[in-house]
Amino acid sequence: MDVVTQDAENFETYKSSLLDQDKSLSPLYQKGNLAYYQAYFQHDFKEKSFIIHYKKKPLLLLLVTESIDQECSYFGLPIQLIWRNDAASDEKKGAIKLAIKQFEKTLNTKENSINHIVYKDMFNSFSEDKSNHSISEFSLYLLKKGFPAVTAYSQTLHLQQSEDLLLADVRKNYRADIRWGEKNMHFKLIDCESISKIDISEFRDLHVSVSGKETRSMETWQKQHEFIESNEGFILFGYLDGKLVAASLFIHNENLCYYGVGAYRRELFDKPISHALVWRGVMHAKALGCQQFEFGEAFFPTKGTDKEIAISRFKQGFGGDIVSYLSF
């Protein structure tokens, strides 16, 4: 086994081959959204990813960027380990040992005194063996190094089901709210074929109005415009009495769709202006062929602010499964 770093001639080819065969990777890791994160965090992340190569094939890709302020992540997102689909268990044992050694060398963990690792262990939730809920070797390494982990939760809808079954899993009063929205509101889909600067400007104006302040830079909105143009996402607008009152942005790849951000007129919270909009987002993701719809982290009274818990409760009304994972 050997290590292939970014300066190697075949690195990008190997990297693409492993990313292309991984059907579980979040759309947040796509090129367009990573550019958005660079603008959001206002930092030029330097990629330090590498590949473990074995028998003339890439075996393991570790996605990581240079540490910032003693924090190690991948553009602010969790570090990812991407295995080749047909990797054998004995190959994995040797590869993870070499990967950990290279990880420490690449990040200079001792010199940099990294005290915060951003990493998620989903307990092999995408394994064909559903009884396999052991933590990963990388998680074990982090625990032994003294990095603390907590149990966290995420919410997922499985879009392979029929629309009727998905709707039956929606909270009862939400089904009525969705019907109200379908009857009383007008909706507009904005995707790679229709997006304009005016659309992004209107979304931003609504977001600022709802937030009461500018929460992020103009550059971040431009980056989101660009990744929608690249077919990495779509926007839904909701109108009531001819006025824009709700907007949501969704990020997707071929297999997964992620609910990104929403803005809704607070003075209209006595009306269910958001429910039909989100449901349309779920249905559009299904129409695109996505297998899963990700609502992101789920919060409960044991962890999270009142706002986070309230947002989670809203999302949980749309059904799906709550999955636990280790969060470093």
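This text goes with the structure placed above it.
Residues numbered from 1 in each chain as written. Predicted model: local features only at pLDDT ≥ 70, side-chain atom pairs only at ≥ 80, totals over all residues. Heavy atoms only, no water.

(A) A look at the overall build of the protein. On a plain count of helices and strands, the protein comes out with 11 helices and 14 strands. Since a compact globule built from 328 residues should have a radius of gyration of about 20 Å, the 21 Å found for the protein is in line with a globular shape. Its C-alpha atoms put the protein at 65 × 40 × 40 Å along the principal axes. Burial statistics for the protein: of 328 residues in total, 47% are counted as buried. Considering only contacts in the protein between residues 6 or more positions apart, those separated by 24 or more positions represent 70%. Accessible surface for the protein amounts to roughly 17,000 Å². Of this, 48% is attributable to carbon and sulfur atoms. (Helix = DSSP H or I, 4+ residues; strand = E, 2+ residues; numbered from the N terminus. Rg over C-alpha atoms; globule rule 2.2 N^0.38 Å. Buried < 20%, exposed > 50% of the residue type's maximum accessible area, 1.4 Å probe, protein only. Contact = heavy atoms within 4.5 Å. Areas by Shrake-Rupley, 256 points an atom, 1.4 Å probe, with all protein chains shown as cover.)

(B) Spotlight on the packing of aromatic side chains. The tally for this structure, following the rule as stated, stands at 26 aromatic pairs. Relative to Phe-328, the ring of Tyr-119 lies with its centre 5.9 Å away and its plane at 45 degrees, an arrangement referred to as tilted. Of the two residues, Tyr-119 is situated in the loop between strand E6 (116-117) and strand E7 (120-121) and Phe-328 in the segment after strand E14 (321-327); the sequence distance between them amounts to 209 residues. The class of Tyr-119 is buried, set by a relative accessible area of 7%. (Phe/Tyr/Trp six-rings, centres within 6.5 Å; stacked < 30°, edge-to-face > 60°.)

(C) Representation of the nonpolar core in the model. If you look at the biggest cluster of nonpolar residues, it comprises 35 residues, and the most contacted ones within it are Tyr-29, Phe-203, Ile-235, Phe-237 and Leu-249. Secondary-structure elements contributing two or more residues to this core are helix H1 (11-21), helix H2 (31-41), strand E3 (57-63), helix H8 (197-211), helix H9 (218-229), strand E10 (233-240) and strand E11 (243-252). Setting aside chain neighbours within four positions, we find Ile-235 in contact with Lys-188, Leu-189, Ile-190, Ile-200, Phe-203, Ile-228, Ser-248 and Leu-249. Counting 31 residues, the second largest nonpolar core, distinct from the first, contains Leu-166, Tyr-264, Met-283 and Cys-290. (Core = buried A, V, L, I, M, F, W, Y, C linked by side-chain atoms within 4.5 Å.)

(D) The arrangement of the pairing of strand E8 (residues 150-158) in detail. Judged from the 7 bridges that link them, E8 and E14 form a sheet pairing that is antiparallel. Opposite Thr-151, over in E14, you have Leu-326 as the bridge partner. (Pairing = 2+ DSSP bridges.)

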